[in-house]
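Observations on the three-dimensional arrangement
For reference, the chains in residue letters:
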Amino acid sequence: MRPLVAVVDLAAIRHNYAIAKRCAPGRQAFAVVKANAYGHGVREVVTTLHDEVDGFAVASLEEAAEVRALHASARLLLLEGCFSASELPIAAQLGLDIVVQGEEQLAALLAADLPRPINVWIKADTGMHRLGFSADGVRAAHARLRAAPQVAELNLISHFACADERGHWLNEQQIGEFLGLLGLDFDLRSLANSAAVVTLPAAHLDWIRPGIMLYGATPLLDMTAAELGLKPAMSLMAEIIAIHDVAEGDSIGYGAGWTARRPSRIGTLSCGYADGYPRQAPAGTPAWLHGQRVPLAGRVSMDMLTVDLSDVPLAQVGDAVELWGANLPVDEVARAAGTIGYELLSKVTARVPRRYQA
Ligand SMILES: Cc1ncc(COP(=O)(O)O)c(C=O)c1O
């Protein structure tokens, strides 16, 4: 069997959920488990949070159906709403909360014949300009939905564009826009993603929506996950499958993209971009073995990558190497590769087996 596994620490996810709840005392939380729980495995994550969670949030009806099969009673929010009118009766049947993010969704809901009324979250565009109604649009939607027979609760939701950057001018502006809508009569309000959970108490309101922090990566640009007390949930573990001694001047890998400046020991690892490791990760991107960082040397291939083991004389074929995880924050690898932890975690591909630790 190929020696590559994503080890998922479920206790870390429970710990991180508890931190999110502690940041926002008395508030309810939708654990965001879209995209296969950011790559960690939605089945196991939902099961591990089953007894303590207030609710879950997902991006599609298919994801919602999977979560509903695992948890019959949790509130379950469809973050982008229904993509077609035909999804509405199914959403009602599954007992989902749905976002209504635009005129088309609003019209479809008002025309729908539903088996039971549904909890609706009107999405306000408070500054991100991706989904949602303008302030006037929210008022109009509110007036039309308040008395609609399809609607059980009528709630308000919005999403931050820059909450990862503390003090960004847009954060306060978005909070102001949101609070400005609360003269309308809403049952519940939700605004905070992970970054706002940890830095913007004014955005906590009724329901927080932590995603990335559950998985132990940082939601902030200027603080590490460890500084926030978060525990990494996924460790991507490969092995050294070959070691080559190369001379000064020898090049490594595709495109001869890296050249040894000294006689070097090059380790070949059992992980590549078809596993989700970022191909754009440059030379120098760290991996972790024998208690220290080793730098990538040469381009990432489909199934393998190479590291410079010259400073780890003990390293040998068969040794375990952490590509990110418990010892090497995914955020550090992401930064080196010019991306974010979210992308690395959610893109670990299906061919990488997940191994769960309770
Ligand atoms: C609407 C919405 N709410 C909450 C989240 C969770 O965000 P984060 O993972 O930054 O906590 C997301 C994720 O993208 C989202 O799209």
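Residues numbered from 1 in each chain as written. Predicted model: local features only at pLDDT ≥ 70, side-chain atom pairs only at ≥ 80, totals over all residues. Heavy atoms only, no water.

**Thoughts on the domain arrangement of the protein chain**
What counts here: Start and end points for every domain follow an automatic or database-based domain assignment. Whether two residues are in contact is decided by their heavy atoms: any pair within 4.5 Å suffices. Two parts lose some accessible area (1.4 Å probe) when they are put together, and adding that loss for both gives the buried area.
For the protein chain, the domain assignment lists domain 1 (10-215) and domain 2 (234-357). Relative placement of domain 1 and domain 2: their C-alpha centres are 37 Å apart. Opposite the nine residues of domain 1 that make contact, domain 2 presents eight residues. Roughly 820 Å² is buried in total at the junction of domain 1 and domain 2, and carbon and sulfur atoms are behind 62% of that figure.

**Notes on the site of the ligand**
For clarity, the threshold we go by: Nearness here has a simple test: a residue counts as near a molecule or strand if at least one of its heavy atoms is within 4 Å of that partner. Side-chain atoms alone can form a polar contact between residues adjacent in sequence; in general such a contact is a pair of N or O atoms within 3.5 Å, and within protein one must be able to donate a hydrogen while the other accepts it. Per-residue and other accessible areas follow the Shrake-Rupley method at a 1.4 Å probe size, with only the shown protein chains counted as cover for residues. Under the scheme applied here, ten amino acids are nonpolar (Ala, Val, Leu, Ile, Met, Phe, Trp, Tyr, Cys and Pro), four are charged (Asp, Glu, Lys and Arg), and all others, including Gly, are polar.
Around the ligand sit 14 residues in total, of which Lys34, Tyr38, Ser194, Ile212 and Tyr342 are the nearest. Contact distances for the ligand include 2.8 Å between an oxygen atom and a side-chain N or O atom of Lys34. Separating an oxygen atom of the ligand from a side-chain N or O atom of Ser194 is a distance of 2.5 Å. Starting from 390 Å² of accessible surface for the ligand in isolation, the protein chains cover 90%. Of the residues assigned to the shell around the ligand, the class counts are six nonpolar, four polar and four charged.

**A few points about empty space enclosed by the protein**
As a reminder of what qualifies: Lining residues are those with an atom within 4 Å of a point, where the points come from a 1 Å grid over the protein atoms alone and group into cavities, where a 1.4 Å probe fits but cannot get out, or pockets, open sets with protein on both sides within 12 Å along at least five of seven lines. Grid points are joined across faces, edges and corners, and a volume is the space filled by probe spheres set on the points.
Under the definition given, this model contains two cavities of 30 Å³ or more. Within this model, the largest cavity holds a volume of roughly 50 Å³. Around the largest cavity, the lining residues are Lys123, Ala124, Asp125, Thr126, Met128, His129, Arg130, Leu131, Ser158 and His159. Here the residues of the lining of the largest cavity sort into three nonpolar, four polar and three charged. Estimated volume of the second largest cavity: approximately 30 Å³. Every residue along the wall of the second largest cavity is listed here: Ala124, Asp125, Thr126, Phe133, Ser134, Ala135, Val138, Glu177 and Leu181. Considered class by class, the residues forming the lining of the second largest cavity number five nonpolar, two polar and two charged.

**A word on the packing of helix α6 (residues 103-111) against helix α7 (residues 135-146)**
How we decide: For helices, the fitted line uses only the C-alpha atoms of the stretch in contact; every axis is such a line through C-alpha atoms, and the angle between N-to-C directions lies from 0 to 180 degrees. Secondary structure elements follow DSSP: runs of H or I of four or more residues count as helices, runs of E of two or more count as strands, with numbering from the N terminus. Note on angle classes: values under 35 degrees are labelled roughly parallel, values over 145 roughly antiparallel, values of 65 to 115 roughly perpendicular, and the remainder oblique.
Running from N to C, α6 and α7 cross one another at 10°; their axes reach a closest spacing of 11 Å. Relative to α7, α6 is oriented roughly parallel. Residues Glu103, Leu106, Leu109 and Leu110 of α6 pack against Ala141, Arg144 and Leu145 of α7.

**Some details on the environment of Ser194**
Locating Ser194 in the fold gives a position in helix α9 (residues 194-199). On a C-alpha basis, the gap between Ser194 and Ala163 in space is 8.5 Å, while along the polypeptide they are 31 residues apart. Among residues more than four places away in sequence, those in contact with Ser194 are Arg209, Pro210, Gly211, Ile212, Met213 and Pro219.

**Things to note about the pairing of strand β13 (residues 264-269)**
For the record, the criterion: Burial classes follow relative accessibility: with a 1.4 Å probe on protein chains only, a residue under 20% of its type's maximum area counts as buried, one over 50% as exposed, and anything between as partly exposed. When DSSP finds at least two bridges between two strands, those strands are taken to pair.
Across the six residues of β13, five count as buried, placing the element largely inside the fold. As judged from the six bridges shared by strand β10 (residues 234-246) and β13, these two strands associate in the antiparallel manner. Bridge assignment links His244 to a residue of β13, and that residue is Ile266. Pairing of β13 with strand β16 (residues 305-308), which is carried by four bridges, proceeds in the antiparallel orientation. Of the residues in β16, the one forming a bridge with Ile266 is Asp308.

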